[in-house]
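Each chain, letter by letter, is given below.
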Amino acid sequence: MTEYAWLIPLIPVLAFGLIIAFGRRLPGEGAYVAIAAMLTSLGMSVVLAAQWFAHSAHLEHVEPFSRSSNWMPGLNVNMGYSVDALSCVMLLVVTVVASMVMIYSTGYMHGDKRYPRYFAYLSLFSAAMLALVIANNILLMFMSWELVGLTSYLLIGFWFEKPSAMRAAKKAFLVTRVGDVGFLAGMVLLFLYTGSFDLFGKTGVFENLDKLTGTVHIIGQFGIPMAAMAGLLLFCGAIGKSAQFPLHVWLPDAMEGPTPVSALIHAATMVAAGVYLVARMYPVYLADTSGIALHTVAYIGAFTALFAASIGIAQNDIKRVLAYSTVSQLGYMIMSLGVFGYVAAMFHLMTHAFFKAQLFLGSGSVIHGTGTQDIRDMGGLRKKMPVTYWTFLISTLSLCGIPFVTAGGWSKEEILTVAFHTNPIVFWAGVLGAFTTSFYMFRLVYKTFHGEPRNHEIHAHESPKVMLTPLVILATLAIVAGFVGTPFKNLFEHSMMPVLGSHFAGILEKTLEEAHMAAGFSVTTFLIGTIAALAGIGLATIIWYKPILKIEKLEPAFGWLAKIVENKYYIDEIYNATIIRAMMIVAAVMYWFDKWVIDYVIVNGVGFLTLIGSRAWGWFDKTIIDGIVNLVAWITGFAGRCVRHLQTGVAQQYVFLLVAAVVFISLAVLGVMVLTGNKPEAAWIPHISFRF
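Criteria and thresholds
Residues numbered from 1 in each chain as written. Predicted model: local features only at pLDDT ≥ 70, side-chain atom pairs only at ≥ 80, totals over all residues. Heavy atoms only, no water. Salt bridge = Lys/Arg side-chain N within 4 Å of Asp/Glu carboxyl O. Helix = DSSP H or I, 4+ residues; strand = E, 2+ residues; numbered from the N terminus. Expected span 1.5 Å × (residues − 1). Buried < 20%, exposed > 50% of the residue type's maximum accessible area, 1.4 Å probe, protein only. Core = buried A, V, L, I, M, F, W, Y, C linked by side-chain atoms within 4.5 Å. Contact = heavy atoms within 4.5 Å. Pairing = 2+ DSSP bridges. Patch = residues over 30% accessible without salt bridge, like charges linked within 9 Å, V, L, I, M, F, W, Y side chains within 5 Å. Areas by Shrake-Rupley, 256 points an atom, 1.4 Å probe, with all protein chains shown as cover. Axes fitted to C-alpha atoms, helices over the stretch in contact; angles between N-to-C directions. Parallel < 35°, antiparallel > 145°, perpendicular 65-115°, else oblique. Left-handed = near helix turned anticlockwise from the far one by under 90°. Lys, Arg positive; Asp, Glu negative; His and termini not counted. Charge placed at Lys NZ, Arg CZ, Asp CG, Glu CD. pLDDT = per-residue confidence, 0-100. Phe/Tyr/Trp six-rings, centres within 6.5 Å; stacked < 30°, edge-to-face > 60°. Lys NZ or Arg CZ within 6 Å of the ring centre and 35° of its normal.

## Things to note about the pattern of salt bridges
Link 1 in the chain: Under the criterion given, the structure shown has 13 salt bridges.
Link 2 in the chain: The salt bridge partner of R376 is D374, with a shortest N-O separation of 2.9 Å.
Link 3 in the chain: One network of salt bridges, with partners in common, ties together K171, D253, R320, K568 and D572.

Here is the structure:
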């Protein structure tokens, strides 16, 4: 199957082309074509992963399968695909979530006026993400990366007639482009030093990272090693796509798109692309002996995890709560990568994809059944929407990291274990993040599903089976997916470590050994993480389920803080007042310069001078040039009129004129000879004879 892995992203591309070409004339108005294509890619991904993991189960080191063809012979640029454990995991995650989202969308988007176009966009988006994860070339990764950004713009702004959706799409596109500039610069830097865009092989980037020598001086003598600079530039791309501080602002606004789009973009695909990028390029970070790049990654991730989690506490839009939860969990993954938790980060990416996709689709079911996104208008939905409630609760427990019974419990425990042994500051940030996550998620559960209905005009109902089936499947995965990475038999780690190659895997293992991190179950981190999660659930319970603590009594003490958090720390306002305002001022100045200097002075000035010059030249041409031409013509005509009288047609007159001319010429020559002192007999006149 490895030989045919390139078909996995190609099949959704073909579906996209068919839907765009034929639209509503296709079965299910194009939806069935998109679903069939994605299920085919899913089936191929399952077979591919099964073969790969079965092959590598008993091997210590497995080389990635890679195939390339030359694309630019002059520049030695290749294009191709690769298969290894990392790409297999990502293929499974993307195809599973995309399939569930498409099936769910047939119910959620039913009746939409742009129904076929929606499934075409989903197919193209999924294809771009699948191409990204199997690319064996950083240039192809970047091209797929940009296509993911473009299609996300189309999906977020799918309901573009809504001004908020239109603005959210533009915001997501522009903010992520800021990070992509860093990704592009990092890619170029690696190519300049290693001489290749390929990731694998003897001439590839990973085998030639020792060429990243030298220091980039920033201020004075302060410099950054070249390997660290490359890692930081690549990380800029991850900051944009994975919504890390300070480029996190696009993701909550992206909730303006259809809810299934939120599940796809914010669970398994676009936002996970940044984490995947850092994981795929992890040898670059391990090659940085200064540790600057990984420390930056760790602290930005930890800060983002706490920052976003605190904002989630004060949100009342069900999708925005989940959006900030996504930002926080992405911070967790980035944080893990920064503290050498390479395997833990990818494990959490996989489990998070399943339970977060379920939570978003569950929120869509709630919105579909109630007609509102404001949790203050909900309440009492547990009895009216039982399937939605129980699946939502399972995924919430997984997100909170409840151990043993949820997938999220295993992956979050592994992240905390790595952080505990490598960076205490990051570890306690992760613990506080676990507490905050449990607190705001159970606030969401209690205010949405428990208690009594707060708006009696809402008549809630359960969603149709086509929407509930994906919820059940994803909730099941939110439980069982974690068993591949339990500390007792970590099959996930056994498969993922060889992806780094023997050299860099050895560096990572040595680093963890030096941090005294023992393999297996850590009772300390398990207890601390579990207590933090349960404490968050308990605090939410005594405030919103059994209101021992009255929220009204807490508001006077924390009202100012609640306002700051509710307004997202005024980050958007700060950006509007500084960066955006500065850009608007620059744009206004450039507009004025373009209008009055470029257009009025230069363009119109040149046009005016050209007009004056053309008029002057027209006068000169008409008066002088044409006058000279007309004068020559008049003189020619006058001369013609004068000499025409000589043409009488009388032969005797012509003979007379000829003789007269000869005589005149002879006399003239003779006169010249006399005047110059020459003898007349030397003249040619006597030699002339006439015969008649």
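## Quick word on helix 22 (residues 523-545)
Link 1 in the chain: In this model, helix 22 (23 residues) spans 31 Å end to end at C-alpha, consistent with the 33 Å of a helix rising 1.5 Å per residue.
Link 2 in the chain: Taken as a whole, helix 22 has its buried residues at T525, F526, G529, T530, A532, A533, G536, I537, A540, T541 and I543.

## Focus: the nonpolar core
Link 1 in the chain: Grouped together as the largest cluster of nonpolar side chains are 207 residues, with contacts concentrated most on L190, W250, Y282, L337 and Y342.
Link 2 in the chain: The leading source of residues in this core is helix 14 (residues 342-370), at 17 residues.
Link 3 in the chain: For W250, the residues in contact, after removing those within four places along its chain, are I156, K171, A172, V175, T176, G240, K241, A243, H266, M270 and V271.

## A few points about the environment of G536
Link 1 in the chain: Within the fold, G536 resides in helix 22.
Link 2 in the chain: Remark: the alpha-carbon pair of G536 and M100, spanning 436 residues in sequence, is separated by 31 Å.
Link 3 in the chain: Each residue touching G536, except ones within four places of it in the same chain, is listed here: F435, S438 and F439.

## Quick notes on the pairing of strand 1 (residues 65-72)
Link 1 in the chain: Here strand 1 runs beside strand 2 (residues 77-83); their pairing, made up of 7 bridges, is antiparallel. Paired with N70 across the bridge in strand 2 is N78.

## Overview of a nonpolar patch on the surface
Link 1 in the chain: Side chains of V586, M590, W592, F593, W596, Y600, V601, I602, V603 and V606 sit close together on the surface and give an oily, nonpolar patch of about 1000 Å² of accessible area.
Link 2 in the chain: Structurally, F593 can be placed in helix 24 (residues 571-643).
Link 3 in the chain: Judged by relative accessible area, which is 36%, F593 ranks as partly exposed.

## As for the packing of helix 18 (residues 424-449) against helix 22
Link 1 in the chain: The interhelical angle for the contact between helix 18 and helix 22, taken along N-to-C directions, is 30°, at an axis separation of 8 Å. Here helix 22 runs roughly parallel to helix 18, going by the angle between their axes. Every pair of crossing elements has a handedness; the one defined by helix 18 and helix 22 is right-handed.

## A closer look at a negative patch on the surface
Link 1 in the chain: Residues E493, E509, E513 and E514 make up a contiguous surface patch of negative charge.
Link 2 in the chain: When residues of the negative patch are assigned to their parent elements, the largest contribution, 3 residues, is made by helix 21 (residues 501-514).
Link 3 in the chain: Summarising the element assignment, E514 is placed in helix 21.
Link 4 in the chain: By relative accessible area, which is 52% here, E514 ends up exposed.

## Some words on the confidence of the model for the protein chain
Link 1 in the chain: In this model, the protein chain carries a mean pLDDT of 89, and residues with pLDDT of at least 70 account for 96%.
Link 2 in the chain: Between residues 685-692, whose pLDDT stays under 50, and residues either more than four places distant or in other chains, the model counts 3 contacts.

## Regarding unusual backbone geometry
Link 1 in the chain: Following F245, the chain continues to P246 via a peptide bond in cis, the omega torsion being 10°.
Link 2 in the chain: Here P246 shows up in the loop between helix 7 (226-241) and helix 8 (250-253).
Link 3 in the chain: Of note in this structure, Y570 is not a glycine but carries a positive phi near 60°.
Link 4 in the chain: Relative to the assigned elements, Y570 resides in the loop between helix 23 (551-566) and helix 24.
Link 5 in the chain: Owing to a relative accessible area of 31%, Y570 belongs among the partly exposed residues under this scheme.

## Focus on the pairing of strand 2
Link 1 in the chain: Within strand 2, 7 of the 7 residues are buried, which leaves it mostly tucked inside the rest of the structure.
Link 2 in the chain: Of the two faces of strand 2, the one lined by V77, M79, Y81 and V83 and the one lined by N78, G80 and S82 are each fully buried.

## Re the packing of aromatic side chains
Link 1 in the chain: In the structure shown here, the tally under the stated rule is 33 aromatic pairs.
Link 2 in the chain: Measuring from centroid to centroid gives 5.9 Å for F200 and F206, while their planes differ by 75°, and the two rings are edge-to-face. Here the two residues F200 and F206 agree in accessibility, since each one is buried.
Link 3 in the chain: Taking 5.4 Å as the distance between ring centres and 20° as the angle between the ring planes, the aromatic pair formed by F303 and F307 counts as stacked. Of this pair, F303 and F307 both sit in helix 12 (residues 292-313), 4 residues apart, which is roughly one turn of that helix.
Link 4 in the chain: The class of F303 is partly exposed, set by a relative accessible area of 40%.
Link 5 in the chain: Here the aromatic residues Y115, Y118, F119, Y121 and F158 are joined through ring pairs into a cluster of three or more.
Link 6 in the chain: Seen from the ring of F173, R177 lies directly overhead, with NZ or CZ sitting 4.4 Å from the centre.

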